[in-house]
Amino acid sequence: MIVTKRALPRRTFLKGAGAAIGLPLLDAMVPAFASEAQKIKRLGFVYLPNGVAKNFTGIDFWTPKGAGKISELSKILAPLAPYRDRLTVVSGLAQKRAEANADDAGGDHTKATASWLTGVRCKRTEGADIEVGASADQIAARVLGRDTVLPSLELSIDLTVLAGMCDSAYSCVYLNTLSWSSPTTPLPTENNPRVVFERLFGNGGTSAQRTALARQNRSILDFVGADFARLTRDLGPTDRVQVDEYLDSVREVERRIQSVEKLGEEAGLPALERPTGVPERFDEHVKLMFELQWLAFQADLTRVVTFMLGRELNFRTYPETGLTQGHHTMSHHMERPELIERYAKLNTYQTTLFAWFLNKLASTPEGNGTLLDHSLFLYGASLSNPNLHAHFDLPLALVGGPAGRPGGGRHVVEPSNTPMANLLLTMLDRVDVPTENLGDSTGRVALEALGNA
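Keep in mind it's a predicted model, so treat the numbers as computed, not measured. (Residues numbered from 1 in each chain as written. Predicted model: local features only at pLDDT ≥ 70, side-chain atom pairs only at ≥ 80, totals over all residues. Heavy atoms only, no water.)

A. Representation of the overall build of the protein chain in the model. Of regular secondary structure, the protein chain possesses 11 helices and 16 strands. Evaluated residue by residue, the protein chain yields a buried proportion of 56% over its 453 residues. Within the protein chain, residue pairs in contact and separated by at least 24 positions form 73% of the contacts whose partners lie at least 6 positions apart. For the protein chain, the accessible surface area stands at approximately 18,800 Å², while carbon and sulfur atoms represent 53% of it. (Helix = DSSP H or I, 4+ residues; strand = E, 2+ residues; numbered from the N terminus. Buried < 20%, exposed > 50% of the residue type's maximum accessible area, 1.4 Å probe, protein only. Contact = heavy atoms within 4.5 Å. Areas by Shrake-Rupley, 256 points an atom, 1.4 Å probe, with all protein chains shown as cover.)

B. Geometry of the packing of aromatic side chains. Summed over all chains, the structure comprises 16 aromatic pairs. Geometrically, the ring pair formed by Tyr-47 and Trp-116 is edge-to-face, given 5.0 Å between the ring centres and 70 degrees between the ring planes. Residue Tyr-47 is found in strand β3 (residues 42-48), and its partner Trp-116 is found in helix α1 (residues 108-116); the two are separated by 69 residues along the sequence. Among the aromatic residues, those joined into a cluster by ring pairs are Trp-62, Phe-290, Phe-297, Phe-307, Phe-354, Phe-357, Phe-377 and Tyr-379. Lying across the ring of Trp-294, Lys-360 places its NZ or CZ 3.9 Å from the centre. (Phe/Tyr/Trp six-rings, centres within 6.5 Å; stacked < 30°, edge-to-face > 60°. Lys NZ or Arg CZ within 6 Å of the ring centre and 35° of its normal.)

C. Here's a closer look at the nonpolar core. Membership of the largest hydrophobic core comes to 72 residues, with the highest contact counts inside it found for Trp-62, Leu-200, Phe-201, Phe-354, Leu-358, Leu-361 and Phe-377. No other element matches helix α10 (residues 337-362), which puts 11 residues into this core. Contact partners of Leu-358, with chain neighbours within four places excluded, come to Leu-80, Tyr-83, Leu-372, Phe-377 and Val-399. (Core = buried A, V, L, I, M, F, W, Y, C linked by side-chain atoms within 4.5 Å.)

D. Layout of the pairing of strand β16 (residues 410-419). In this sheet, β16 lies alongside strand β4 (residues 68-69) in antiparallel orientation, the contact comprising two bridges. Considered in β16, the bridge of Lys-69 is made with Arg-410. Pairing between strand β5 (residues 87-94) and β16: six bridges, direction parallel. Bridged to Val-89 within β16 is His-411. (Pairing = 2+ DSSP bridges.)

E. Seen up close, a nonpolar patch on the surface. A contiguous nonpolar patch, built from Phe-56, Leu-388 and Phe-392 and spanning about 260 Å² of accessible area, is present on the exposed surface. Mapped onto the secondary structure, Phe-56 falls in the loop between β3 and β4. With a relative accessible area of 34%, Phe-56 lands in the partly exposed category. (Patch = residues over 30% accessible without salt bridge, like charges linked within 9 Å, V, L, I, M, F, W, Y side chains within 5 Å. Salt bridge = Lys/Arg side-chain N within 4 Å of Asp/Glu carboxyl O.)

F. Examining empty space enclosed by the protein more closely. Summed over the entire model, instances satisfying the criterion amount to three cavities of 30 Å³ or more. By volume, the second largest cavity is sized at about 40 Å³. Around the second largest cavity sit Ser-156, Asp-158, Leu-159, Thr-160, Leu-175, Asn-176, Thr-189, Met-308, Gly-310 and Arg-311, which together line it. Taken together, the residues that form the lining of the second largest cavity break down as three nonpolar, five polar and two charged. (1 Å grid on protein atoms, 1.4 Å probe; cavity = no way out; pocket = protein on both sides within 12 Å on 5 of 7 lines; lining within 4 Å. Points joined across faces, edges and corners; volume = space filled by probe spheres on them. Nonpolar A, V, L, I, M, F, W, Y, C, P; charged D, E, K, R; others polar.)

G. Looking closely at the packing of helix α8 (residues 282-298) against α10. In the contact formed by α8 and α10, the axes pass within 10 Å of each other and the chain directions differ by 30 degrees. Between α8 and α10, the crossing angle belongs to the class labelled roughly parallel. α8 and α10 meet at a crossing whose hand is right-handed. Contacts between α8 and α10 involve Phe-282, Asp-283, Val-286, Lys-287, Phe-290, Glu-291, Gln-293, Trp-294 and Phe-297 from the first element and Tyr-349, Leu-353, Phe-354, Trp-356, Phe-357, Lys-360 and Leu-361 from the second. (Axes fitted to C-alpha atoms, helices over the stretch in contact; angles between N-to-C directions. Parallel < 35°, antiparallel > 145°, perpendicular 65-115°, else oblique. Left-handed = near helix turned anticlockwise from the far one by under 90°.)

H. Region of the structure containing the side chain of His-109. Positionally, His-109 belongs in helix α1. Setting aside residues up to four positions removed in sequence, His-109 forms contacts with Asn-50, Asp-167, Leu-175, Glu-312, Leu-313, His-328, His-332, Leu-383 and His-389.

I. Spotlight on the sheet that holds strand β14 (residues 375-381). Taken in spatial order, the eight strands make up an open sheet running β4-β16-β5-β15-β14-β3-β11-β6, and their pairing is mixed. Strands at the two margins of the open sheet, each flanked by one partner only, are β4 and β6 (153-156). Bridging between β14 and strand β15 (residues 396-400) involves five bridges; their strand directions are antiparallel. From the neighbouring strand, Phe-377 faces β15, where its bridge partner is Val-399.

J. Expanded view of the pattern of salt bridges. The final tally for this structure, using the stated rule, is 12 salt bridges. Residue Glu-366 is joined to Arg-42 by a salt bridge in which the shortest nitrogen-to-oxygen separation is 2.5 Å. In this pair, Glu-366 is assigned in strand β12 (residues 365-366) and Arg-42 in strand β3, connecting sequence segments 324 residues apart. With respect to class, Glu-366 is no different from Arg-42; both count as buried.

K. Geometry of the packing of helix α4 (residues 193-201) against α8. It is at 10 Å that the axes of α4 and α8 come closest, and there the two elements cross at 5 degrees. Judged on the interaxial angle alone, α8 and α4 are roughly parallel. Across the interface between the two elements, Pro-193, Val-196, Phe-197, Leu-200 and Phe-201 of α4 pack against His-285, Leu-288, Met-289, Leu-292, Leu-295 and Ala-296 of α8. Considering only residue class, the contact of α4 with α8 consists of 10 nonpolar, one polar and no charged.

L. Representation of the pairing of β6. Residues Leu-153 and Leu-155 of β6 are buried on one face, and the alternating residues Glu-154 and Ser-156, pointing to the opposite face, are buried as well. Direction of pairing for β6 relative to strand β11 (residues 304-308): parallel, over a ladder of four bridges. When the bridges of β11 are listed, Ser-156 appears paired with Met-308.

M. Fine view of the state of the cysteines. For the structure on display, the rule yields one disulfide. A sulfur-sulfur distance of 1.7 Å marks the disulfide that ties Cys-166 to Cys-172. Across the S-S bond of Cys-166 and Cys-172 the torsion is about 95 degrees, and the bridge reads as right-handed. (Disulfide = S-S within 2.5 Å.)

N. Spotlight on unusual backbone geometry. Even without being a glycine, Asn-50 presents a positive backbone phi close to 65 degrees. A residue is classified by how much of its surface remains accessible, and Asn-50, at 0% relative accessible area, is buried. Positive phi outside glycine occurs at Ala-169, with the angle close to 70 degrees. In this fold, Ala-169 is placed in the loop between β7 (165-167) and β8 (170-171).

Shown next as structure tokens:
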């Protein structure tokens, strides 16, 4: 028997002037006689600023009741109900190294952000001599990013233009990112959808040249038409439909970015006040950034993403929800039940947007499953009770993997003050990233209770 099928390389792109568009996993990329597509593993970290709606005297809108099987989700986590069988809520974890001590009081928000994925206390400085530790996402990117165009993506909603000192003699750099490729090398986040789009689908040229192309009112797909026609001749009907649907999604995201840019131009807003491509409404901005991650995952452009839904100490308001007080101010609920409940409304709103993203992943086929089947996300915050700047009993949840996975649908309660680093190690273990030489005695034991989470 002669086998004539030749598999397309997984790293296949549609190319044209100023554009390079990666493709989703197609049947034509699976070698002949392969029983199933290779499982692609991804990690995502979605960060909630300024803690969540809870105190330590009986009011808690985050934590499910009781340990073990989750019978009822909390108010904040209720939007994740469709994914309960692949949700693991973990309680009892702490970042003790972020806590104040006699020699270093204050700076709780800064130390919380810096330690969330590093497990390390950041150096107190207002200058350029910043130092903390390599973050879990970047440790993963060293392995998972070997075969992707971008080793990782660092995204945010807030601008990262702050410089100097932001919080009790700590550099603003610590507040602006979760990602550190080394103890002294922070990776800047990007909040502009246009810039992210160009990073994913652009192909060289200067910023001015790419901007000029964008202003021609032409889709980036117009520049890869000839390559697309060539490719489709070699694809089967199923693959053609999948590529058409993916490119339609790319075009729709691009159209929405262009619509935002047009509104900005018509309003005559200065670029420094409102960057081109950034939606005015929080939910529209968040969804657009999630869609870019969804496109990047489909084309396997990256397998590691961090996404900050805001910066600590931010004073964003959310008028679309009726919440018109600044975010940080709302988080200091003064232990008053009605103010804690009001803050829960914001946290639930954030989770609703995350659930929207999960639905897109769960609805997108990939190989022998879906994008969500092959992804694992950490969703949570670096403070628990924000009114006390508490660095213990952190609100953390793992979401992803195949439906009904071991450890799914459970609330795992670890002993009080168990290092959060244990959870990060567990996540790295699940995607086969070597961890033998990471951490110290406080962060070496993976959380066995998570099973194959």
